[in-house]
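Here is what each chain is made of, one letter per residue.
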Amino acid sequence: MPTDVIMPQMGESIFEGTITKWLKKPGDKVQRDEPLFEISTDKVDAEIPAPASGVLQDIKAAEGTTVQVNTVVGVIAEGDGAGAAPAKSAPAKKEEPAKAQAAPPPSAPAPAAQEEDLGDDVRSSPLVRKMAREHGVDLNRVQGTGTGGRITKQDVQAFLDKGSAAVPAPTPVSASAPAPPRPAPATIPGDLVPLSQMRKIIAQRMIESRRTSAHVHCMFEVDLTRIVNLRNKQKNSFEQRHGARLTFMPFFVRAAIIALQQYPIVNASLEGDAIRYHKHVNAGIAVALDWGLIVPVLKNADELNFLGLQRGITDLGERSRSKKLMPADVEGSTFTITNPGQFGAVFGLPIINQPNSAIMGVGGITKQPMVVTDKDGTDSIAIRSVVHLTLGYDHRLIDGAVADQFMAVLKKTLETWSEDVG
């Protein structure tokens with residue numbers, strides 16, 4: 001019997017979703033739990049797996065279509081498709097004129113053509129193929145560890161870590177930032193490209209936040225030398241013991257938690273004419289994606305030790321980039337941290353993530369000459385690792401003195417770090 005492909009219920013508050021891309025076309029073989037199509041909701045973008053193995057017999061909802069949850073969007077037939085009627089491929093052809101309006105012009109490289117260069121036995125998601133193209137990785141040389149030999153993001157990263165890339169990476173359009181820039185969309189000057197669903201939501205919420213909160217910013221310069229030295233000393237043993245990379249983000253999250261516990265108003269929300277003081281710190285960690293920005297939430301971060309923070313942050317980042325987040329993963333934040341410094345920014349002036357009252361921006365870590373004072377009061381100039389932290393806060397709830405005191409606690413915690421990282 002054929003199996004209906006259903007638009008899933010992604011959360012209690014989600015009632016519809018937009019099909020942004022079909023990863024298979026009618027007549028293609030599919031495996032159960034293999035990514036079948038991508039959707040965008042007002043909460044997350046996600047890959048939806050196939051509910052059964054067989055052949056994609058019919059597509060009932062074209063790319064760009066918004067449908068209600070539990071709507072049948074496709075049909076999977078049993079077997080290898082030998083009994084499927086040739087007419088089943090018709091829906092894909094009917095969609096072609098509509099797709100052509102948003103597709104790159106003929107002179108631009110077509111992603112589909114690049115994907116078809118892979119051998120028939122290479123199985124991976126579009127996200128993995130995109131990552132491979134960006135880093136010049138030949139997927140035919142990567143050993144897949146996923147179900148049925150599927151190549152995962154982790155497989156590509158492991159391949160890169162071994163220095164095994166054999167194909168030169170594409171030249172970036174812009175190299176203004178020290179970190180590898182993201183490739184520009186395949187467009188040419190003069191194109192009119194419609195906003196993606198995620199871009200529409202980001203635009204709407206940023207404007208709403210500016211109109212809602214009385215934004216004020218303060219910036220603190222922090223000597224991060226102690227933490228940089230600690231991380232350099234322990235990052236290899238940390239990864240060997242725990243199977244996770246030691247990054248700087250858990251240091252900033254932990255320091256923010258300590259400061260939030262002393263100044264709970266920074267972790268509060270305004271509800272009408274009242275203030276909601278939250279019991280726990282739910283840390284929103286902004287993640288930059290190739291197609292936008294998302295803020296997954298590390299729930300009850302104040303109850304986690306350092307290792308728990310690192311694992312939680314890594315998990316949220318990986319699931320954000322692989323479109324595995326659920327709506328609950330992006331709800332309930334009480335304080336947000338964003339990291340523009342990873343792309344070379346000295347500091348940023350971030351917009352508050354509603355309904356939070358504050359957001360902290362982490363700038364780039366650079367070596368700078370600083371005046372340091374020893375225990376005898378003698379000043380000298382030394383080379384130190386410095387980071388600039390910016391707090392954007394809602395002046396309706398938080399006064400400047402409180403914001404500065406909060407940041408002073410955070411600064412002291414980082415500069416005198418003594419906590420065991422595990």
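Remember, predicted model here, so these are calculated numbers, not experimental data.

Engineer: Pulling in residues and values, what's your account of helix α9 (residues 400-415)?
Structural biologist: Under the 1.5 Å per step criterion, the end-to-end length of α9 is 22 Å for 16 residues, consistent within 8% with the ideal 22 Å. The complete set of buried residues in α9 reads Ala403, Phe406, Met407, Val409, Leu410, Thr413 and Leu414. Angular distribution of buried residues about the axis of α9 spans 155°; they occupy a single face of the element.

Engineer: How would you sum up the sheet that holds strand β6 (residues 54-59)? Please name residues and give values.
Structural biologist: Strand order across the open sheet formed by four strands is β1-β8-β6-β3, with antiparallel pairing between neighbours. Here the strands that pair on one side only, and so sit at the sheet edges, are β1 (3-6) and β3 (29-30).

Engineer: Quick one: what's the story with the sheet that holds strand β4 (residues 35-40), residue by residue and with numbers?
Structural biologist: Read across the sheet, four strands follow the order β5-β4-β2-β7 without closing on themselves; strand pairing throughout is antiparallel. In the strand order of this sheet, the two ends are held by β5 (45-49) and β7 (66-68), each with one partner. Taken over all neighbouring pairs, the strand axes of this sheet differ in orientation by 40° on average, direction set aside.

Engineer: Outline the environment of His280, listing residues and values.
Structural biologist: Of note, His280 is situated in the loop between β11 (274-276) and β12 (283-285). The partly exposed category is assigned to His280, whose relative accessible area is 21%. Considered as a pair, His280 and Asn300 are 20 residues apart in the sequence and their alpha carbons are 5.5 Å apart. A polar contact is formed between the side chain of His280 and the side chain of Asp302, at a distance of 3.1 Å.

Engineer: Describe in detail the packing of helix α7 (residues 249-262) against helix α8 (residues 306-321), supporting the description with residues and values.
Structural biologist: α8 packs onto α7 with a crossing angle of 120° between their chain directions and a minimal axis gap of 9 Å. Our classification of the angle between α7 and α8 gives oblique. Helix-helix and strand crossings are classified by hand; for α7 and α8 the assignment is right-handed. Of α8, the residues touching α7 (which contributes Met249, Pro250, Phe251, Val253, Arg254 and Ile257) are Phe306, Leu309, Gln310 and Ile313. A breakdown of the residues in the contact of α7 with α8 according to their chemical character gives eight nonpolar, one polar and one charged.

Engineer: So, the pattern of salt bridges: which residues are in play, and what are the values?
Structural biologist: All told, the structure shown has 12 salt bridges when counted by the stated rule. Among the salt bridges present, the one from Asp315 reaches Arg319, with a minimum N-O distance of 3.1 Å. In this pair, Asp315 and Arg319 are both assigned in helix α8, four residues apart and thus about one turn of the helix distant. The exposure class assigned to Asp315 is partly exposed, which follows from its relative accessible area of 34%. According to the relative accessible area criterion, Arg319 is partly exposed, its value standing at 22%. Between Arg396 and Asp394 there is a salt bridge, with the nearest N and O atoms lying 2.7 Å from each other. Here the salt bridges share partners, and the residues they tie into one network are Asp315, Arg319 and Asp329.

Engineer: Give me a nonpolar patch on the surface: which residues, what numbers.
Structural biologist: Together, Met219, Val346, Phe347 and Leu349 give the surface a local cluster of nonpolar side chains, amounting to about 380 Å² of exposed area. Mapped onto the secondary structure, Phe347 falls in the loop between β16 (335-338) and β17 (358-362). Overall, Phe347 belongs to the partly exposed group, its relative accessible area being 40%.

Engineer: I'd like a rundown of α7, residues and numbers included.
Structural biologist: Helix length check: α7 (14 residues) gives 20 Å between terminal C-alpha atoms against 20 Å at 1.5 Å per residue, within 8%. Among the 14 residues that make up α7, 11 are buried, leaving the element largely enclosed by the rest of the structure. Residues of α7 that are buried include every one of Met249, Pro250, Phe251, Phe252, Val253, Arg254, Ala255, Ala256, Ile257, Ala259 and Leu260, and no others.

About the thresholds
- Residues numbered from 1 in each chain as written.
- Predicted model: local features only at pLDDT ≥ 70, side-chain atom pairs only at ≥ 80, totals over all residues.
- Heavy atoms only, no water.
- Helix = DSSP H or I, 4+ residues; strand = E, 2+ residues; numbered from the N terminus.
- Expected span 1.5 Å × (residues − 1).
- Buried < 20%, exposed > 50% of the residue type's maximum accessible area, 1.4 Å probe, protein only.
- Arc of directions from axis to C-beta.
- Pairing = 2+ DSSP bridges.
- Axes fitted to C-alpha atoms, helices over the stretch in contact; angles between N-to-C directions.
- Polar contact = N/O pair within 3.5 Å; in protein donor to acceptor, adjacent residues only side chain to side chain.
- Parallel < 35°, antiparallel > 145°, perpendicular 65-115°, else oblique.
- Left-handed = near helix turned anticlockwise from the far one by under 90°.
- Contact = heavy atoms within 4.5 Å.
- Nonpolar A, V, L, I, M, F, W, Y, C, P; charged D, E, K, R; others polar.
- Salt bridge = Lys/Arg side-chain N within 4 Å of Asp/Glu carboxyl O.
- Patch = residues over 30% accessible without salt bridge, like charges linked within 9 Å, V, L, I, M, F, W, Y side chains within 5 Å.
- Areas by Shrake-Rupley, 256 points an atom, 1.4 Å probe, with all protein chains shown as cover.

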